[in-house]
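Examination of the molecular architecture
Each chain, written out:
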4 protein chains.
Amino acid sequence: MKELAVMNMTEMMKSMPMDDTAMASMDMAVMQECMEACNACMQACTMCAGTMAGMEGMGKCVSLSAMCAEMCQTMMKMMMHPMAMSADTMMPMLQATMAMCKACMDECMLHADMSETCRMCAMACEAAMMACEKMTASMS
Amino acid sequence: MKELAVMNMTEMMKSMPMDDTAMASMDMAVMQECMEACNACMQACTMCAGTMAGMEGMGKCVSLSAMCAEMCQTMMKMMMHPMAMSADTMMPMLQATMAMCKACMDECMLHADMSETCRMCAMACEAAMMACEKMTASMS
Amino acid sequence: MKELAVMNMTEMMKSMPMDDTAMASMDMAVMQECMEACNACMQACTMCAGTMAGMEGMGKCVSLSAMCAEMCQTMMKMMMHPMAMSADTMMPMLQATMAMCKACMDECMLHADMSETCRMCAMACEAAMMACEKMTASMS
Amino acid sequence: MKELAVMNMTEMMKSMPMDDTAMASMDMAVMQECMEACNACMQACTMCAGTMAGMEGMGKCVSLSAMCAEMCQTMMKMMMHPMAMSADTMMPMLQATMAMCKACMDECMLHADMSETCRMCAMACEAAMMACEKMTASMS
């Protein structure tokens, strides 16, 4: 199943009609890396929110993780809609996603020692943040 | 049913634990207005995407509307998670939402004459954009 | 702002191309009521999840509310995509939404006495459940 | 990046507090396979909707793909919230997801010959449908 999933992403990107859009000059390898990192962060944050829910004092962690999942998911979907792509909309959303990943990573790092879930969520947030930064650089 | 929905929003906001958060000094009327405008924009954009899908040449309109719906929804949810609120995460997301609302409004205005759906979507985008701007100002 | 939001829903539904779809014979008043109830439930559940997130022993409440919000939102969006509508896909999703609303309502009712947020969330879940049931009946 | 994503899913599942929940007896390998298939289907359907958006006559394909993405995403998230898990809520949502995957697959297969995107979307829908069926069987 995992092979199928990865195959789909790479193969499907080839069939996306990038030529007709403002993003024809996009670095596709960088964009795919950013999609994958956003997707992994969405999964990690969702699991973190689902796991820490109801633990005393973890309200900020749960809420940040839930919101970070939403934003990474939206960021990924933007990169899957070639006709809607433009620097005007993508650059601010990349900034917003990086800011949220940073906040969620910082919070989860506070309890990474006692929670393996939080430690892995923080790692996924950092990877997504770096991938969004690389994507931003490639568009500048 | 409509009265119930509006009642819930106003009443439930009173029960949100804002006091314990960085947003204790938030202007609640401005925030509620922003939530309502983001929600209305999410609905209008979803209907626009669902209505224009498959119309020749409307790919940009459909994709922008679908992405604008996602972002407005996420923006609204952020305002419903008091423990995750901070200027660090909300200000960039307000910027990103405004940029997407502007792009979607501009695109939908191009065919507002021939499509009532697009005209109303553009109006909802404009209202959300203005509410996000007011929210940004109230936090500055 | 509230008037605008409600106006949009009613007005935009008129511009949706229902005639070309399998749902031409749909009771539009019942469908709009269902959309509004699902939207209100999505808002109430999101606020409930955001409010109870870090309260000890509230993990089930938070997780059910977050999932109920997702499902009500998806249910509403299905009703905004006329070209994707069919009894084959809508009937099972109505069933799934009703089951989740029931579970979330039952859980939130357990602490309705001590939490106004939960009490209102339970009410919104019940309203959405009843609106989905009415929608199901209208399609049978 | 891809290795990291897959590692996260497997590793994070180990740290999820399944023991305390109704799902302690769940077959974790089957559940992870279902999560991965739902995630891959969400990605494939999102790309399909984003690619076909403005092609004449593809409205049904675009709308079904967008809704199938929403449902697969919600289905996956349900499996990441152990405290909300119960047969009462998961069984109907598995049914609803299978029904939507079937509808989207059938539609995309109609134009698989002329669109590589649709062909891959249909394959991802079929894989998700089968994974949901396997998950349903494991819970019965």
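No experiment lies behind these values; they were computed from the predicted model shown. (Residues numbered from 1 in each chain as written. Chains lettered and ligands numbered in written order. Predicted model: local features only at pLDDT ≥ 70, side-chain atom pairs only at ≥ 80, totals over all residues. Heavy atoms only, no water.)

Across its full length, chain A holds 5 helices and 0 strands. Tracing chain A from N to C terminus, the helices and strands come up as α-α-α-α-α. Of all intrachain contacts in chain A linking residues separated by at least 6 positions in sequence, the fraction that spans at least 24 positions is 73%. When the accessible surface of chain A is split by element, carbon and sulfur atoms take 55% of a total near 4,700 Å². (Helix = DSSP H or I, 4+ residues; strand = E, 2+ residues; numbered from the N terminus. Contact = heavy atoms within 4.5 Å. Areas by Shrake-Rupley, 256 points an atom, 1.4 Å probe, with all protein chains shown as cover.)

You can overlay chain B on chain A at an RMSD of 0.0 Å; the transform is a turn of 180° with a shift of 0.0 Å along its axis. Taken together, the rotation and translation relating the two chain copies correspond to the operation of a two-fold axis. A share of 100% of the interface residues of chain B reappears at the interface of chain A, consistent with the copies meeting face to face through the same patch. (Least-squares fit on C-alpha atoms with pLDDT ≥ 70 in both.)

Each copy superposes on the other: chain D lies on chain A with an RMSD of 0.1 Å after a rotation of 180° and an axial shift of 0.0 Å. Take the interface residues of chain D: 98% of them recur as interface residues in chain A, which is what a same-surface contact looks like.

Before going further, it helps to spend a moment on the interface of chain D and chain A. Facing the 46 residues of chain D at the interface are 45 residues of chain A. Between chain D and chain A, the buried area comes to about 3,800 Å², and carbon and sulfur atoms account for 72% of it. Linking chain D with chain A are 0 salt bridges, by the criterion used here. In this structure, the connection of chain D to chain A is made through 5 residue pairs in polar contact (both at pLDDT 80 or more). (Buried area = accessible area lost by both parts, 1.4 Å probe. Salt bridge = Lys/Arg side-chain N within 4 Å of Asp/Glu carboxyl O. Polar contact = N/O pair within 3.5 Å; in protein donor to acceptor, adjacent residues only side chain to side chain.)

Here we take up the confidence of the model for chain A. Residue and element names in this part refer to chain A. Residues of chain A with pLDDT of at least 70 account for 89%, and the chain-wide mean is 90. Segment residues 1-7: pLDDT under 50, and 13 contacts once partners within four positions in sequence are set aside and those in other chains are kept. With pTM at 0.93, the complex prediction returns an ipTM value of 0.91. (pLDDT = per-residue confidence, 0-100.)

We now examine the interface of chain B and chain A. Every contact between the two is made by 24 residues of chain B and, on the other side, 24 residues of chain A. Of the roughly 2,000 Å² buried where chain B meets chain A, counting both sides, 77% is carbon and sulfur surface. When the buried surface of chain B facing chain A is broken down by residue, Met 67, Glu 70 and Met 83 of chain B rank first, second and third, together holding 24% of it. Counting every contact that joins chain B to chain A gives 2 salt bridges. The closest approach of N and O atoms between Glu 70 of chain B and Lys 77 of chain A, which form a salt bridge, is 3.0 Å. On the surface where chain B and chain A come into contact, there are 4 residue pairs in polar contact (both at pLDDT 80 or more). Breaking the side of chain B that touches chain A down by element, the ones donating at least two residues are α3 (59-78) and α4 (87-109) of chain B. Per-element tally for the side of chain B that touches chain A: the top contributor is α3 of chain B, with 12 residues. When grouped by side-chain class, the residues that make up the side of chain B that touches chain A number 13 nonpolar, 7 polar and 4 charged. (Nonpolar A, V, L, I, M, F, W, Y, C, P; charged D, E, K, R; others polar.)

Any two packed helices are characterised by the angle at which their axes cross and by the distance between the axes. Residues and elements named next belong to chain D. Between helix α2 (residues 28-52) and helix α5 (residues 116-139), the shortest axis-to-axis distance is 8 Å and the interhelical angle comes to 155°. The angle between the axes of α2 and α5 places the two elements in the roughly antiparallel class. Considering only the axes of α2 and α5, their crossing is left-handed. Class assignment for the residues of the contact of α2 with α5 results in 22 nonpolar, 3 polar and 2 charged. (Axes fitted to C-alpha atoms, helices over the stretch in contact; angles between N-to-C directions. Parallel < 35°, antiparallel > 145°, perpendicular 65-115°, else oblique. Left-handed = near helix turned anticlockwise from the far one by under 90°.)

Let us look at the environment of Met 120 of chain D. Residue and element names in this part refer to chain D. Structurally, Met 120 is set in helix α5. Assessed through its relative accessible area of 2%, Met 120 is described here as buried. For Met 120 and Met 16, which are 104 residues apart along the polypeptide, the C-alpha to C-alpha distance reads 32 Å. (Buried < 20%, exposed > 50% of the residue type's maximum accessible area, 1.4 Å probe, protein only.)

Quick look at the side chain of His 111 of chain C now. Residues and elements named next belong to chain C. Here His 111 shows up in the loop between α4 (87-109) and α5 (116-139). Separated by 3.2 Å, the side chain of His 111 and the backbone oxygen of Glu 107 make a polar contact. Apart from residues no more than four positions distant in its own chain, His 111 is found in contact with Met 58, Cys 61 and Cys 118.

Turning next to the state of the cysteines. Under the criterion given, the structure shown has 0 disulfides over all chains. Left unpaired, Cys 118 of chain A is separated from the closest cysteine sulfur, that of Cys 61 of chain A, by 3.8 Å. No disulfide involves Cys 45 of chain D; its sulfur sits 3.6 Å from that of Cys 121 of chain D, the nearest cysteine. Classification of Cys 45 of chain D by relative accessible area gives buried; the value is 0%. (Disulfide = S-S within 2.5 Å.)

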